[in-house]
Amino acid sequence: MRNARVRSIHVHPVKAFRSLPLREVVVERWGPAGDRRWMLIDDGGKVVTQRRHPRLALAAAEPLPGGGVVLSAPGRDPVTVPVPAPGATVPAELFGDKVEVVPAEDAAVHAWCSGFLGAPVRLVHLDDPAVRRPVDPAYALPGETVTLADGYPLLLTTTASLDRLNSLIAQGAHADEGPLPMSRFRPNVVIEGTEAWAEDRWTRVTIGAVPFRVAEPCGRCVVTTTDQDSAQRGREPLHTLGRHRSVDGRLVFGQNLVPLSSGTLRVGDPLEAVA
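This one's a predicted model, so the numbers in the text were calculated from it and none came from an experiment. (Residues numbered from 1 in each chain as written. Predicted model: local features only at pLDDT ≥ 70, side-chain atom pairs only at ≥ 80, totals over all residues. Heavy atoms only, no water.)

Caption draft 1: Structural detail: the layout of surface pockets. Taken as a whole, the largest pocket holds about 680 Å³ of empty space. What lines the largest pocket is a set of 34 residues, among which R51, D150, G151, C218 and G219 lie closest to the centre. Only β13 (154-158), β16 (210-219) and β18 (250-259) provide two or more residues apiece to the lining of the largest pocket. Element by element, the count of residues in the lining of the largest pocket is highest for β16, at 4 residues. Split into classes, the residues belonging to the lining of the largest pocket amount to 15 nonpolar, 7 polar and 12 charged. Of the pockets and cavities examined, the second largest pocket occupies roughly 220 Å³. (1 Å grid on protein atoms, 1.4 Å probe; cavity = no way out; pocket = protein on both sides within 12 Å on 5 of 7 lines; lining within 4 Å. Points joined across faces, edges and corners; volume = space filled by probe spheres on them. Helix = DSSP H or I, 4+ residues; strand = E, 2+ residues; numbered from the N terminus. Nonpolar A, V, L, I, M, F, W, Y, C, P; charged D, E, K, R; others polar.)

Caption draft 2: Summary view of the sheet that holds strand β11 (residues 97-103). If you trace the 5 strands from one edge of the open sheet to the other, you get β6-β5-β12-β11-β10, paired in antiparallel fashion. Of all strands in the sheet, those with a lone pairing partner are β6 (47-48) and β10 (90-94), marking the two edges. The pairing of strand β5 (residues 38-41) with β6 spans 2 bridges and is classified as antiparallel. Counted as the bridge partner of L40 is V48 from β6. (Pairing = 2+ DSSP bridges.)

Caption draft 3: Region of interest: the pairing of strand β9 (residues 76-81). By the bridge criterion, 4 bridges tie strand β8 (residues 69-73) to β9 in an arrangement that is antiparallel. Residue pairing across strands places V69 opposite V81, the latter belonging to β9. Counting the residues that bridge the hairpin from β8 to β9 gives 2 residues, and of these G75 lies at a positive phi of roughly 80 degrees.

Caption draft 4: Examining the pairing of strand β14 (residues 189-192) more closely. In this sheet, β14 lies alongside strand β1 (residues 5-11) in antiparallel orientation, the contact comprising 4 bridges. Note that in β14 the partner of S8 across the bridge is V190. As defined by bridge partners, β13 adjoins β14 across 3 bridges and the pair is classed as parallel. Residue pairing for β14: T158 is matched across the bridge by I191. Assessed by its sense of winding, the connection that carries the chain from β13 through helix α2 (residues 159-170) to β14 is right-handed. (Right-handed = clockwise from strand over helix to strand, strands pointing away.)

Caption draft 5: A look at the packing of aromatic side chains. Counted under the stated rule, the structure contains 4 aromatic pairs. Look at Y139 and Y152: their rings are 6.4 Å apart centre to centre, the planes differ by 75 degrees, and that puts the pair in the edge-to-face class. Within this pair, whereas Y139 is found in the loop between β12 (122-125) and β13, its partner Y152 is found in the loop between β12 and β13, the two being separated by 13 residues in sequence. Under the relative-accessibility criterion, Y139 is labelled partly exposed at 36%. Ring centres of W197 and F253 lie 6.0 Å apart, and the angle between their planes is 90 degrees; this geometry places the pair in the edge-to-face category. (Phe/Tyr/Trp six-rings, centres within 6.5 Å; stacked < 30°, edge-to-face > 60°. Buried < 20%, exposed > 50% of the residue type's maximum accessible area, 1.4 Å probe, protein only.)

Caption draft 6: Up close: the sheet that holds strand β7 (residues 60-63). The 3 strands are arranged β7-β8-β9 in an open sheet whose pairing can be described as antiparallel. Two strands in the sheet have a free side with no partner beyond their single neighbour: β7 and β9. Neighbour-to-neighbour, the strand axes of this sheet turn through a mean angle of 20 degrees, independent of strand direction. With respect to the sheet, helix α1 (residues 107-117) is in contact with β8 and β9, its orientation differing from that of β9 by roughly 140 degrees. (Axes fitted to C-alpha atoms, helices over the stretch in contact; angles between N-to-C directions. Contact = heavy atoms within 4.5 Å.)

Next comes the structure, spelled out in structure tokens:
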């Protein structure tokens, strides 16, 4: 894989909002800097994502120095959200994990989010990713933590695997839905120059100068059927993944990574993999 290198880099300042492309990003032990440090929760403290509210794909968050964000969405004036001052946390539930988070201080921010979504929600911030949320102990090494990502610090996909998946979609019952863009899979790092599904065999990778441990394949959900530009849903890619990429009852695409040290990733960085 002499030609394997970073095609693109993406972060998601607010979980479930539109992804933000970057030319480079600092990788911390818990994931890319600024990735998924904010999220929405409902009245019961449960995370709110595109699984229930595909409309979130239309909302965007631009990062500010210091960790704040500017929220924008169709039909609404932008709103600036600073990082809340250290203080009392509230419990939240993130796919079975319990995590303490800090609500945004301005009630108008919660009203803005609720008005856009059409449901009562609060915007909350993860104040200390070094201690708040361990990686799933079934797949973690001691001391590994993660932000508000689904389960792991970084998600990697490859263009070759997407091309192969799109070729399979083109042969199936819902060919009119393809080809799908990579945005459906909401990765942090996209790699080009590999063979299709080569990432299935990797156990360690080094991207640029940053080493990672490959934890497990990424199980995919209904979010992948959501057009990230229109928020409309279809049948693909889950229909085709179910026929060709079902592993232990999960539909998989991409690999979850855990950084072994911190460093900076840049578009164009080479990738070296160990099977």
